[in-house]
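Below, each chain spelled out in residue letters.
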Amino acid sequence: VSAERGAETDQATETEKSIAVLPFVNMSEDSSNEYFSDGISEEILNSLARVKELKVAGRTSSFAFKGQNQDLRQIGDALGVEHILEGAERTAGTKGRITAQLIQVDDGFHLWSDTYDRELDDVFAIQDEIATAILEQLKAHLLDGQVVVMSSTRTDSEAYDLYLQGKQRIFERNVATLESATEVLDRAIAIDPEYAPAYAQRGIATILLGEDSYGTIPTEQSQSEAKLYLEQALRLDPEQPEALAGMGLYFSKIPGESNQTIDYLERAIAINPNLVNAMNWLQIAYGDAGRREESIAMAERIVEYDPLYRPGLNIIFLVFTARLELDKAQALIDRVSPMLG
């Protein structure tokens, strides 16, 4: 009996150390400023994802609630988390006000909240300050004082703004937004030719614009151009996770390169466990390499981590139905369908 109680306690403790970072609400009159709000959310999310003892809901799932007014208990149930961080940002001219609050899902209790009024002359300084303050609170409430390492790489504030815009447009996965992403990323690179994340995203966007993905660029051309950007990103920062993931995607397009594909993607995820696209590319690569059980395990990890990420859901539904595990399939449908619309 004591062993069973111990297991229950461990499970409860594990569940309590879980959080979703909802996209901060842009309350500014200028709707085009939304990338800044998203950037704050992503910076915090990426930093938290590096903490092994903390379960952090993935970006796709957290951002699925953007612009919605869902009940926090529903969100917590769908994402399998006990805490939610939400906030808002309002800018007027050169000034900005950012609010943030940490909420306990089961009773709606606010564990912590704060407001920051700042001049917007240094985006990184603002994000660092706010993210650090929030992470300090999370350490106190959830992480038993564990140190959390910030994930950002500094650059010129304008270059960073453009990088955020480009990254946001890549998420939308259509020709128009991907082409727009390459334009703003080129501008970011022109401002700061040493900023590795911009090169990484430029490479990924170029691959996705290939005719075998979402665009019309001949595959060979998109591959060769993308490789130049990705290699430059890795020259600037050999451990840049977005660039490593991009190289994995690059090699996945080349027959017979499954080992290279898997190696790059595993390295990217080890550095930043929040890269759900890399996780999806990796589960595909495992399958292509005949490593079926690892492919299934990665798909299960995707759904646990980012339950509203549709590619992961599709794979797991196929697995459950093939195994005739219809009860598991139905449980997953019941969990996510209210949020998928």
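Residues numbered from 1 in each chain as written. Predicted model: local features only at pLDDT ≥ 70, side-chain atom pairs only at ≥ 80, totals over all residues. Heavy atoms only, no water.

Notes on the packing of helix 12 (residues 276–288) against helix 13 (residues 292–305)
The packing of two helices is summarised by the inter-axis angle and the distance between the axes.
Stage number 1. Packing of helix 12 against helix 13 brings their axes to within 7 Å, and their N-to-C directions diverge by 160°. As judged from the angle between their axes, helix 12 and helix 13 are roughly antiparallel. Here helix 12 and helix 13 pass one another in a crossing that is left-handed. Only Arg292, Glu294, Ser295, Met298, Ala299, Arg301, Ile302 and Tyr305 of helix 13 make contact with helix 12, whose side of the interface consists of Val276, Met279, Asn280, Leu282, Gln283, Tyr286 and Gly287. (Axes fitted to C-alpha atoms, helices over the stretch in contact; angles between N-to-C directions. Helix = DSSP H or I, 4+ residues; strand = E, 2+ residues; numbered from the N terminus. Parallel < 35°, antiparallel > 145°, perpendicular 65-115°, else oblique. Left-handed = near helix turned anticlockwise from the far one by under 90°. Contact = heavy atoms within 4.5 Å.)

A word on the packing of helix 6 (residues 157–171) against helix 7 (residues 175–191)
Stage number 1. In the contact formed by helix 6 and helix 7, the axes pass within 8 Å of each other and the chain directions differ by 160°. The angle between the axes of helix 6 and helix 7 places the two elements in the roughly antiparallel class. Read as a crossing pair, helix 6 and helix 7 show a hand that is left-handed. Counted together, Glu158, Ala159, Leu162, Tyr163, Gln165, Gly166, Arg169 and Ile170 of helix 6 and Thr177, Leu178, Ser180, Ala181, Val184, Leu185, Arg187, Ala188 and Ile191 of helix 7 form the full contact between these two elements.
Stage number 2. Along the lines of polarity and charge, the residues of the contact of helix 6 with helix 7 split into 10 nonpolar, 4 polar and 3 charged. (Nonpolar A, V, L, I, M, F, W, Y, C, P; charged D, E, K, R; others polar.)

So, the packing of aromatic side chains
Stage number 1. Inspection of the entire model under this criterion finds 4 aromatic pairs.
Stage number 2. With 5.6 Å between their ring centres and 10° between their planes, Phe251 and Tyr264 make a pair best called stacked. Of this pair, Phe251 sits in helix 10 (residues 241–252) while Tyr264 sits in helix 11 (residues 258–271), and the two are 13 residues apart along the sequence. Residue Phe251 shares its accessibility class with Tyr264, and that shared class is buried.
Stage number 3. Cation over ring: Arg59 sits above Phe63, and NZ or CZ is 4.0 Å from the ring centre.
Stage number 4. Positioned above the aromatic ring of Phe171 is the side chain of Arg59, whose terminal nitrogen or guanidinium carbon lies 3.5 Å from the ring centre. (Phe/Tyr/Trp six-rings, centres within 6.5 Å; stacked < 30°, edge-to-face > 60°. Buried < 20%, exposed > 50% of the residue type's maximum accessible area, 1.4 Å probe, protein only. Lys NZ or Arg CZ within 6 Å of the ring centre and 35° of its normal.)

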